[in-house]
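Close look at the chain arrangement
Listed below, chain by chain, are the residues.
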Amino acid sequence: MALAGKHILLIIGGGIAAYKSLELIRRLQDQGASVSPVLTRAGEEFVTPLSVSALAGRAVHRDLFDLTSEAEMGHIQLSRSADLVVVAPATADLMAKMAQGLANDLASTLLLATDTRVLVAPAMNVRMWEHAATQRNIERLRGDGIEFVGPNEGNMACGEFGPGRMAEPDEIVVAIAAHFNPERVGKGALTGRRILVTSGPTHEPIDPVRYIANRSSGAQGSALARALRDQGADVVFITGPAEVRPPEGVEVVAVESALEMEAAVQAALPVDVGVFAAAVADWRVASASDRKLKKSKDGLPVLEFAENPDILKAVSQMGAGRPPLVVGFAAETNDVVENATAKRLRKGCDWIVANDVSPATGIMGGRENAVVLISEQGAEAWPRMGKDEVAVRLTQRIAEALEA
Ligand code: C5P
């Protein structure tokens, strides 16, 4: 956990991107940090104090003249209790106040009173971002030693395109981690390694509007891609139609069916490591129609199935050009270790990350995972932990294996 024991004072300004700061709180906690939230008056228009405090697990600070919170902790003390002050989203107004040294509400007062370093994630309309006044304020803030992450370019809530979108929560987490470990920036254990990750379910068409799918959310695959990227790997992320969005900073190849995923994997080779976390459908509909099937009096449609290519097996057994390390996943509902051990040998991969996906475990689609890592050396059961943490641990093991 990159931020274990760190305390972050998070100031949430008034912008549509404030909703992403709820996710940011979660991601910071996943990395071991604690978060004291501060919500500006304008911020309250976008997210509620209740959501923020519920996620942070502590009261949200809102008012400069709130006597109760002043009695508990004065603003000077609040501003100095943190290891880092993060402003996300930072509006044009908040940055202008910072640049001028104004202190007319709790957020600006904290920012003036603090002797802690400050990281700012700007979010605003593209014209406001490009305005000479904003750019002048940014120059001044940089000169004052303020750190920045983002903004990104993209479609904005106001319908325009350009720079101004707040950095994604995981990019902000990376920037925070880089703040605490500047010597590690660009020197991750996997720098220079090309790693392929498959993720998510596949959709197997029945006809142009219907398909067969499975319950994979893509959460574990996304978490892995993020953790590998954080260690400097060049990640090719081949994903089926997943619920969870791919992380920033990886090469995303979006596919639908197993056949498309196979083609994308072949095109991505050669790689140093292949991680196959996708829940690929075992069968596709052989009789898929290129027209929508109609109800008919002649009875119900009969679907015929054909076996899909086993992508993991093909890569594991490809001989020349095989990635030096191939990692498969096994979702089992019973006899996890026995089944996964047999699967490792059958497929010919180096490791299998096995887990129990019986409904009672809540793992499929959930935030946590309990895995057993199966290799030539045997089975190693890991305690139940967040999928992000499983990803970080597996990334560490991959880095160790490549170094050995
Ligand atoms: O055989 P089973 O589906 O249980 O194996 C799971 C592992 O094999 C996962 O790593 C999955 O990504 C991979 N797989 C694959 N191609 C398939 C089926 C599974 O790559 N057609």
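Residues numbered from 1 in each chain as written. Predicted model: local features only at pLDDT ≥ 70, side-chain atom pairs only at ≥ 80, totals over all residues. Heavy atoms only, no water.

Observations concerning the nonpolar core
The nonpolar side chains of a soluble globular protein tend to be buried, and buried together. Note the following rule: The nonpolar core is taken to be a set of buried Ala, Val, Leu, Ile, Met, Phe, Trp, Tyr and Cys residues, with the residues joined through side-chain atoms within 4.5 Å. Throughout this description, buried means an accessible area under 20% of the type-specific maximum (1.4 Å probe, protein chains only), exposed means over 50%, and partly exposed covers the range between. Working definition: helices are DSSP H or I runs of at least four residues, strands are E runs of at least two. Numbering for both runs from the N terminus. Between two residues, a contact is recorded if the distance between any of their heavy atoms is within 4.5 Å.
Counting residues in hydrophobic clusters, the biggest one holds 32 residues, and the most contacted among them are Leu-28, Val-86, Ile-172 and Ile-176. Where this core is concerned, the elements lending two or more residues are β1 (7-12), α1 (18-30), β2 (34-39), α2 (49-56), β3 (84-90), β4 (118-122) and α9 (169-180). Top contributing element to this core by residue count: α9, with six residues. Ignoring anything within four residues of it in the chain, the contact list for Ile-172 reads Leu-24, Val-86, Ala-88, Leu-119, Ala-121, Val-149, Met-166 and Ala-167. Among the nonpolar cores identified, the runner-up in size contains 30 residues, and Val-197, Leu-373, Met-385 and Ala-391 belong to it.

What about the domain arrangement of the protein chain?
Where we set the bar: Each domain's extent is set by a domain assignment, obtained either automatically or from a database. Defined in terms of a 1.4 Å probe, buried area is the accessible area two parts forfeit on being brought together, summed over both. A pairing counts as a salt bridge when a side-chain nitrogen of Lys or Arg comes within 4 Å of a carboxyl oxygen of Asp or Glu. Identification of polar contacts relies on pairs of N or O atoms within 3.5 Å, with a donor-acceptor requirement for protein atoms, meaning one able to donate a hydrogen and the other able to accept it, and with residues adjacent in sequence counted only if both atoms are side-chain atoms.
When cut into domains, the protein chain gives domain 1 (7-184) and domain 2 (194-403). Just the C-alpha atoms count here: the centres of domain 1 and domain 2 sit 36 Å apart. Contacts between domain 1 and domain 2 engage eight residues on the former and nine residues on the latter. Surface buried jointly by domain 1 and domain 2 totals about 790 Å² across both partners, of which 35% is contributed by carbon and sulfur atoms. Among the residues of domain 1 in contact with domain 2, Asp-30, Glu-168 and Asp-170 are the three that bury the most area, contributing 45% of the side total. Where domain 1 packs against domain 2, one counts three salt bridges. Between Arg-229 and Asp-170 there is a salt bridge, with its nearest N and O atoms 3.6 Å apart. At the boundary of domain 1 with domain 2, the tally comes to two residue pairs in polar contact (both at pLDDT 80 or more). For the side of domain 1 that touches domain 2, the elements supplying multiple residues, two or more each, are α1 and α9.

A look at a nonpolar patch on the surface
Counted only if it meets this: Like-charged residues are merged into a patch within 9 Å and nonpolar side chains (Val, Leu, Ile, Met, Phe, Trp, Tyr) within 5 Å, provided each residue has over 30% relative accessible area and no salt bridge. Shrake-Rupley sampling with a 1.4 Å probe provides the accessible areas, and residues are treated as covered by the protein chains on show and by no other component.
A cluster of nonpolar residues, Ile-16, Tyr-19 and Phe-46, forms a patch on the protein surface that exposes about 340 Å² of accessible area. Summarising the element assignment, Ile-16 is placed in the loop between β1 and α1.

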